Amino acid sequence: MAGDPNAPHFPRSAPIEAYGKGGFAFAGMSHRGSLLCLPDAIWAWDVTDPQKIDRYSLDRVFTAANSIDTLLIGTGTGVWLPPPALRQALKAVRVVLDTMQTGPAVRTYNIMIGERRRVAAALIAVP
């Protein structure tokens, strides 16, 4: 189960136009809080601390794994090393995990979707 399929979301991928002040701008809209960007939709993501990132918080990624080659995790302003179990779980569904601060993650995500790559991004909002 990948969360409520009827939860508000943007029904396609889109480049992130801006980030900061606790949120993001994309597709001419603004969103306060963290985002989970998948190849087919952008969802609100309730994670505010990288220590809370786990298989459950990434359930939509695991459900969509057949359409994702790379998962970028924007860890906010700090550095976070994912637990080996999470990296192994993603590897088992053939998703490569790359973690970095949110700013570089946004820039990398935008480049990768511009190249039509099969990328997802879990982005923690920054102040």
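Residues numbered from 1 in each chain as written. Predicted model: local features only at pLDDT ≥ 70, side-chain atom pairs only at ≥ 80, totals over all residues. Heavy atoms only, no water.

A. Fine view of the sheet that holds strand β8 (residues 96-100). The sheet built from 6 strands is open, its strands ordered β1-β6-β5-β9-β7-β8 with mixed pairing. With partners counted over all chains shown, the strands left at the sheet margins are β1 (9-10) and β8, one partner each. By the bridge criterion, 5 bridges tie strand β7 (residues 70-74) to strand β9 (residues 119-123) in an arrangement that is parallel. Paired with Thr70 across the two strands is Val119, which belongs to β9. Its contacts with the sheet place helix α3 (residues 102-114) against β5 (34-38), β7, β8 and β9, and it is angled at close to 150° to β7. (Pairing = 2+ DSSP bridges. Helix = DSSP H or I, 4+ residues; strand = E, 2+ residues; numbered from the N terminus. Contact = heavy atoms within 4.5 Å. Axes fitted to C-alpha atoms, helices over the stretch in contact; angles between N-to-C directions.)

B. Quick peek at the packing of aromatic side chains. Inspection of the entire model under this criterion finds 1 aromatic pair. With centroids separated by 5.7 Å and ring planes inclined at 70°, the aromatic side chains of Phe10 and Phe26 adopt a geometry described as edge-to-face. A residue pair is termed long-range when its members are at least 10 positions apart, and Phe10 in strand β1 and Phe26 in strand β3 (residues 23-26) qualify at 16 residues. Summarising the burial analysis for this pair, Phe10 and Phe26 share the class buried. A cation sits over an aromatic face here: Arg55 above Phe62, 4.0 Å from the ring centre. It is Arg60 that lies over the ring of Trp43; its NZ or CZ is 3.4 Å from the centre. (Phe/Tyr/Trp six-rings, centres within 6.5 Å; stacked < 30°, edge-to-face > 60°. Buried < 20%, exposed > 50% of the residue type's maximum accessible area, 1.4 Å probe, protein only. Lys NZ or Arg CZ within 6 Å of the ring centre and 35° of its normal.)

C. Main features of the nonpolar core. One finds Ile53, Leu58 and Leu71 to be the most contacted residues of the largest nonpolar core, which totals 24 residues. Elements represented by at least two residues in this core include exactly β5, β6 (41-45), α1 (59-63), β7, α2 (84-92) and β9. Within the second largest apolar cluster, 18 residues are counted, among which are Phe26, Ala105, Tyr109 and Ile113. (Core = buried A, V, L, I, M, F, W, Y, C linked by side-chain atoms within 4.5 Å.)

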